[in-house]
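Notes for the structure review
Spelled out, the chains give:
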Amino acid sequence: MQQNQENKTEEKTILSPKLDVVFQILFGEVGSENITKDFLSTILKEEIEEISLDQNVVLRREIPKGKMGIVDVLAKINNNEYCNIEMQMIDKKNMIKRMLYYWSRQYAKGIGKNEDYRELKRTIVVLIANFELENLESLGIHSRWKIIEEKERKIVLTEDLEFNIIEVPKMYRKHQKGEDKLKEWLEFLENPDSKEVRSYMKRNENMKEAREKLDKISEDERVRRLAELRQKALMDEREAEYTGYCKGLEDGMKRGMDCNREKIKENHEKLLKSVPE
């Protein structure tokens, strides 16, 4: 019995596909084309005939020594469009500006020096947020954004710019018509072990492939180390934000108390002056 226990392989917990480094390996590596094609076509509601993932950094080649930067997935679709996908766990309060920056950076890469502007390619940014964005409370799980004329709101200026914002927490309380398949993928990201996800995999071979790949990368010690480092960095960010929030409250209370003291002193002096000698 003791020998059997010693020989028994230690079971490892499955890594969360919502963690950006795991998400990037799962959807961004060469070999994940079928998985990413299904996921993206669900979001964009477009048929994707061809997809290329060969411009992504291969994260598990080496563990970064310093602070890990932006971890996203770049997909070239149908050989003439680019899509940047980001999984974001923490609300940095600058998400729209970040999306604009990602879009402009990728869009500008579409042509080289002395090339014609007509060579610029349609560029799409997809943000999958593990939080709800400010000012979007009334919208559903998935909102799609383009440049549209303000008064008539009928003409789209250009198809070259498109933002897709997906707010994961809304899937539990907002039903959005036409987004059932997207919700299945979001449930996979949220809990790939759930009974519901197992039933989805029976009719979606690409989700089944994603789960099989997730099992394999969860056994990869290098990936687990990357995930640990990333998780620690996220915890440090949350702690820093919480400390800053508490400091802001403390400073605000102090300013309020100082202001009240000044008001009390001012009122007291006015009262003394009003008393007849």
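Residues numbered from 1 in each chain as written. Predicted model: local features only at pLDDT ≥ 70, side-chain atom pairs only at ≥ 80, totals over all residues. Heavy atoms only, no water.

**Regarding the overall build of the chain**
When helices and strands are tallied, the chain shows 8 helices and 6 strands. Listed by position from the N terminus, the elements making up the chain come as α-α-α-β-β-β-α-β-β-β-α-α-α-α. Surface summary for the chain: the accessible area is close to 17,900 Å², and the carbon and sulfur share equals 50%. (Helix = DSSP H or I, 4+ residues; strand = E, 2+ residues; numbered from the N terminus. Areas by Shrake-Rupley, 256 points an atom, 1.4 Å probe, with all protein chains shown as cover.)

**A word on unusual backbone geometry**
Positioned with a positive phi, lysine 45 is a non-glycine residue whose angle comes to about 55 degrees. With respect to the secondary-structure elements, lysine 45 resides in the loop between α3 (33-44) and β1 (51-52). Taking the relative accessible area as the measure of exposure, lysine 45 reaches 46% and is therefore partly exposed. In this structure, asparagine 78 takes a positive phi of about 50 degrees despite not being glycine. (Buried < 20%, exposed > 50% of the residue type's maximum accessible area, 1.4 Å probe, protein only.)

**Observations regarding the nonpolar core**
Ranked by internal contacts, the top residues of the largest apolar core, which has 49 residues, are Phe23, Phe27, Leu40, Val126, Ile128, Leu186 and Phe188. Counting residues per element, this core draws most heavily on helix α2 (residues 20-28), at 6 residues. Counting 16 residues, the second-largest nonpolar core is a separate cluster that includes Tyr107, Leu120, Val125 and Phe163. (Core = buried A, V, L, I, M, F, W, Y, C linked by side-chain atoms within 4.5 Å.)

**Describing the environment of glutamate 86**
Topologically, glutamate 86 is positioned in strand β3 (residues 81-88). When the C-alpha positions of glutamate 86 and glutamine 24 are compared, they lie 8.5 Å apart, and in sequence the two are 62 residues distant. At a separation of 2.7 Å, a polar atom in the side chain of glutamate 86 contacts the side chain of arginine 98. (Polar contact = N/O pair within 3.5 Å; in protein donor to acceptor, adjacent residues only side chain to side chain.)

**Here's the deal with the packing of aromatic side chains**
Evaluation of the coordinates by the stated rule reveals 8 aromatic pairs. Ring geometry for tyrosine 101 and tyrosine 102: centres 6.4 Å apart, planes at 55 degrees, overall tilted. These aromatic residues form a ring-pair network of at least three members: Phe23, Phe27, Phe39, Trp185 and Phe188. (Phe/Tyr/Trp six-rings, centres within 6.5 Å; stacked < 30°, edge-to-face > 60°.)

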